[in-house]
Amino acid sequence: MRGMIRCSLVLCMILLAVAIRQALHNSSGLSSSQLGGLATRTNMSHAKPYTDSIEVFNQPLKQGVKIPRIGLGVFQSAPGPETEEAVACALQEGYRHIDTAALYRNEASVGAAIRNSGIPREEIFVTTKLWNSDHGYQQTLQAFQRSLVNLGLEYVDLYLVHSPMRVDKRLETWKAMETILKSGRARSIGVSNYGIHHLEELFANCTIRPSVNQVELHPYHTRTVLVDFCKRNGIALQAYSPLTKGRRLKDPALQEIAHRYHKTPAQLLLRWGLQKGFIVLPKSVTPQRILQNIQVTDFEISAADMAQLDSFNENLATGWDPTTGA
Ligand SMILES: NC(=O)c1ccc[n+]([C@@H]2O[C@H](COP(=O)([O-])OP(=O)(O)OC[C@H]3O[C@@H](n4cnc5c(N)ncnc54)[C@H](OP(=O)(O)O)[C@@H]3O)[C@@H](O)[C@H]2O)c1
C-alpha cells in the first residue's frame, strides 16, 4: 500500500514537471522566463531534434507559426554536395531550420537534402528570400514559384523580401507577399535588412505586417534602436552573420569571456543572440562546427557579461547594410 502511494506521488511530480516545461515552451519566446527554460537544459548535452522555438504572427491573420531559435545559414555554401552535406549534417545533429535565398543559388541542394533526410517536411522550418531583381507584383509571384520549384517543396515556412533596396517597387512587392501568405504557400512572410523608416513606410501601406526582420546582429553590431522598435511592434528578429563571418572570433576580450564559460567564441556569440531574444542563423559547412553551433543551450551568460559583450558594439557590418539606405 505504502509502495503504491509512493509510486503515485512520483508520477504526480513527473506530470507536474512535464506540464511546467510545456507551459514554458509554449509561451511566446522573447521572455526571460523562457530563456531561463532554455538554460535549464544543463543535463542534456545535446538535444535532438532542437525544437526550442518562438511563435510569430502575421497580423491581422494572427496565425502563429513556430520558428526554431537556431537555423543553419547557407549563404556562400556552394550549390551541390557542399550545401547538401551541410544541410544533411545539420538535420542529423538536430537543426530543424534552414535559411536560404534565391540569391544563394543553392535552393535545389537545400530541398534535396531535406527530402533525402527522411524527416517529415512539417518538422523542418524552411526560409527563402526574394532577390532585388525580382521586385514588383507579378515578378514576385513568379520568383516565389521559381523558388518553390527549385526547392522541390509545396510551401515554405517563411518568405522574406531580401532587402528594401528597390525603392520604386517594394510596396507593390509587399502586396504580392500578402497574396502568397493568403495562398498558404508561405506560412509566414517577413522582411530583411529593413530599417525603421522602411518598416514605418510598410506599416502605413500594408494590410498584413511582417512577422520578422532579418538583419545583421552580434555584439559588434547591436542595433539597439532598431531592435527596440521591432520588439515594440511584435516583429521577431533574426540575427544574420551572428558569428561576424568569423571576423571577430579571435578578439581577446571575446575569447576571455568564452574561456570562463568553457565555450568557444562562436558559441558565446550565439548564446548572446539567444539571450537577446533573437533567432540565430549561423552558417557552416564544417561538421564539427555545425554541431558546436547548436550546443549552446547548456549555459547562461551572466547579466554582467552580457553588458560587457554589448559594450563591444562598433556597428560592424560584415557584408552590406541596406537598413540605412533610402
Ligand atoms: N538577409 C541577409 O541579407 C543575409 C546576409 C548575410 C547572411 N544571411 C544569413 O545568415 C547566415 C549566416 O551569416 P554568414 O554566412 O554571413 O556568416 P556567419 O554565420 O556569421 O559566419 C560564417 C563563417 O564562420 C565560420 N564558422 C561557422 N561556425 C564556426 C565555429 N563554430 N567556429 C569558427 N568558425 C565558424 C564559417 O566557416 P565554415 O563554413 O568553413 O565552417 C564561415 O566562414 C547566412 O548563411 C545566411 O543564411 C542573411
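Residue positions are given per chain, counted from 1 along the sequence in the order it is written. Only residues with pLDDT of 70 or above have their local features reported here, since the model is predicted, and side-chain atom pairs are shown and tallied only from 80 upward, although totals for entire chains, interfaces and linings are computed over all residues.

- In the nomenclature of an unreviewed UniProt entry, the protein chain is known as Aldo/keto reductase family protein of Klebsormidium nitens.
- UniProt positions are given in the numbering used here, feature names are shortened, and annotations may be inferred rather than shown by experiment. According to the UniProt record, the Sequence similarities (unreviewed entry) comment for the protein chain is "Belongs to the aldo/keto reductase family."

**Digging into the overall build of the protein chain**
So, point 1. Put simply, DSSP H or I for four residues or longer makes a helix, DSSP E for two residues or longer makes a strand, and each gets a number counted from the N terminus. Of the regular secondary structure elements, the protein chain holds twelve helices and ten strands.
So, point 2. Burial analysis of the protein chain (326 residues in total) assigns 45% to the buried set.
So, point 3. The contact rule is simple: place each C-beta atom from the backbone, and if two of them lie within 7 Å, those residues are in contact. Put simply, 74% of the contacts in the protein chain that link residues at least 6 apart link residues at least 24 apart. Here exposure depends only on C-beta density: within 10 Å of a residue's C-beta, 20 or more other C-beta atoms make it buried, 12 or fewer make it exposed, and intermediate numbers make it partly exposed, the C-beta atoms being placed from the backbone.

**Side note on the site of the ligand**
So, point 1. Close to the ligand lie 28 residues, the nearest being Gly73, Phe75, Leu243, Ala266 and Lys283.
So, point 2. For the shell around the ligand, the class distribution of residues is ten nonpolar, 14 polar and four charged. Using a C-beta atom placed from the backbone for every residue, we mark a residue as near a molecule or strand if that atom lies within 6 Å of it. Just so you know the grouping, Ala, Val, Leu, Ile, Met, Phe, Trp, Tyr, Cys and Pro go in nonpolar, Asp, Glu, Lys and Arg go in charged, and all remaining residues, Gly too, go in polar.

**Regarding the pairing of strand β7 (residues 189–192)**
One face of the sheet, then the other: side chains in a regular strand alternate in exactly this way.
So, point 1. Residues Ile189 and Val191 line one face of β7 and the alternating positions Gly190 and Ser192 line the opposite face, and both faces are buried.
So, point 2. Two elements, strand β6 (residues 158–161) and β7, share three bridges in a ladder whose sense is parallel. Its bridge partner being in β7, Val161 is matched across the sheet by Val191.
So, point 3. In this sheet, strand β8 (residues 212–216) lies alongside β7 in parallel orientation, the contact comprising two bridges. What sits directly across from Val191, in β8, is Asn213.
So, point 4. A crossover connection joins β7 to the parallel β8 through helix α7 (residues 196–205); in handedness this β-α-β unit is right-handed. When DSSP finds two or more bridges between a pair of strands, those strands are recorded as paired. A clockwise course of the path from the first strand over the helix to the second, judged with the strands pointing away from the viewer, identifies a crossover as right-handed.

**Section: the nonpolar core**
So, point 1. Any set of buried Ala, Val, Leu, Ile, Met, Phe, Trp, Tyr and Cys residues joined through C-beta atoms within 7 Å is what this text calls a nonpolar core. Formed by 74 residues in total, the largest nonpolar core has its most connected members in Leu72, Val87, Ala90, Tyr159, Ala239, Ile279 and Val280.
So, point 2. Take this core: its biggest share by element is six residues, from helix α10 (residues 265–275).
So, point 3. Apart from residues lying up to four places away in sequence, Ile279 is in contact with Ile54, Ile67, Arg69, Gly71, Ala236, Gln238 and Ala239.

**Let's talk about the sheet that holds strand β9 (residues 236–240)**
So, point 1. The strand order β3-β4-β5-β6-β7-β8-β9-β10 describes an open sheet built from eight strands, whose pairing is parallel. Of all strands in the sheet, those bounded by a partner on one side alone are β3 (72–73) and β10 (279–280).
So, point 2. Summarising the sheet, β9 and β10 pair through two bridges and their orientation is parallel. Each residue of the ladder has a partner; that of Gln238, found in β10, is Ile279.
So, point 3. Against the sheet, helix α5 (residues 137–151) makes contact with β5 (125–130) and β6, and its axis sits at roughly 140° relative to β5, the strand it touches most. For helices, the axis comes from a line fit to the C-alpha atoms of the stretch in contact; other axes are also lines fit to C-alpha atoms, and the angle between any two N-to-C directions lies between 0 and 180 degrees.

**Topic: the environment of Gln238**
So, point 1. Within the fold, Gln238 resides in strand β9.
So, point 2. When the C-alpha atoms of Gln238 and Glu216 are compared, they prove to be 8.1 Å apart, with 22 residues separating the residues in sequence.
So, point 3. Once you skip the residues sitting within four places of it in the chain, Gln238 turns out to touch Val212, Gln214, Phe278, Ile279 and Leu281.

**Observations regarding helix α9 (residues 252–260)**
So, point 1. Buried within α9 we find Leu254, Ile257 and Ala258. All buried residues of α9 project into a common sector of 100° when viewed along the axis, lining one side. Seen from the open side of α9, the exposed residues pointing more than 90 degrees away from its buried face are Pro252, Glu256, His259 and Arg260.
So, point 2. In this fold, the buried residues of α9 make contact with α10 and α12 (303–310).
So, point 3. Looking one or two places after α9, you find His262, whose phi comes out positive at around 55°. The directions considered for the arc are those from the helix axis to the C-beta atoms.

**Quick word on the pairing of β5**
So, point 1. Most of β5 sits out of view: six of its six residues are buried.
So, point 2. Here strand β4 (residues 97–99) pairs with β5 via three bridges, running parallel. Paired with Ile98 across the two strands is Val126, which belongs to β5.
So, point 3. Note that β5 and β6 share four bridges and pair parallel. By the bridge assignment for β6, Thr127 is matched with Leu158.
So, point 4. Tracing the backbone out of β5, into α5 and back to the parallel element β6 gives a crossover that is right-handed.

**Details of the packing of helix α3 (residues 81–93) against helix α4 (residues 107–117)**
So, point 1. Remark: α3 packs on α4, axes separated minimally by 8 Å, with the N-to-C direction vectors making an angle of 40°. In terms of their interaxial angle, α3 and α4 are classed as oblique. Helix-helix and strand crossings are classified by hand; for α3 and α4 the assignment is right-handed. Together, Thr83, Glu84, Val87, Ala88 and Leu91 of α3 and Ser109, Val110, Ala112, Ala113, Ile114, Asn116 and Ser117 of α4 make up the contact between the two elements. An angle below 35 degrees is read as roughly parallel, one above 145 as roughly antiparallel, one from 65 to 115 as roughly perpendicular, and any other as oblique. With the far helix as reference, a near helix turned anticlockwise by less than a right angle produces a left-handed crossing, and one turned clockwise produces a right-handed crossing.

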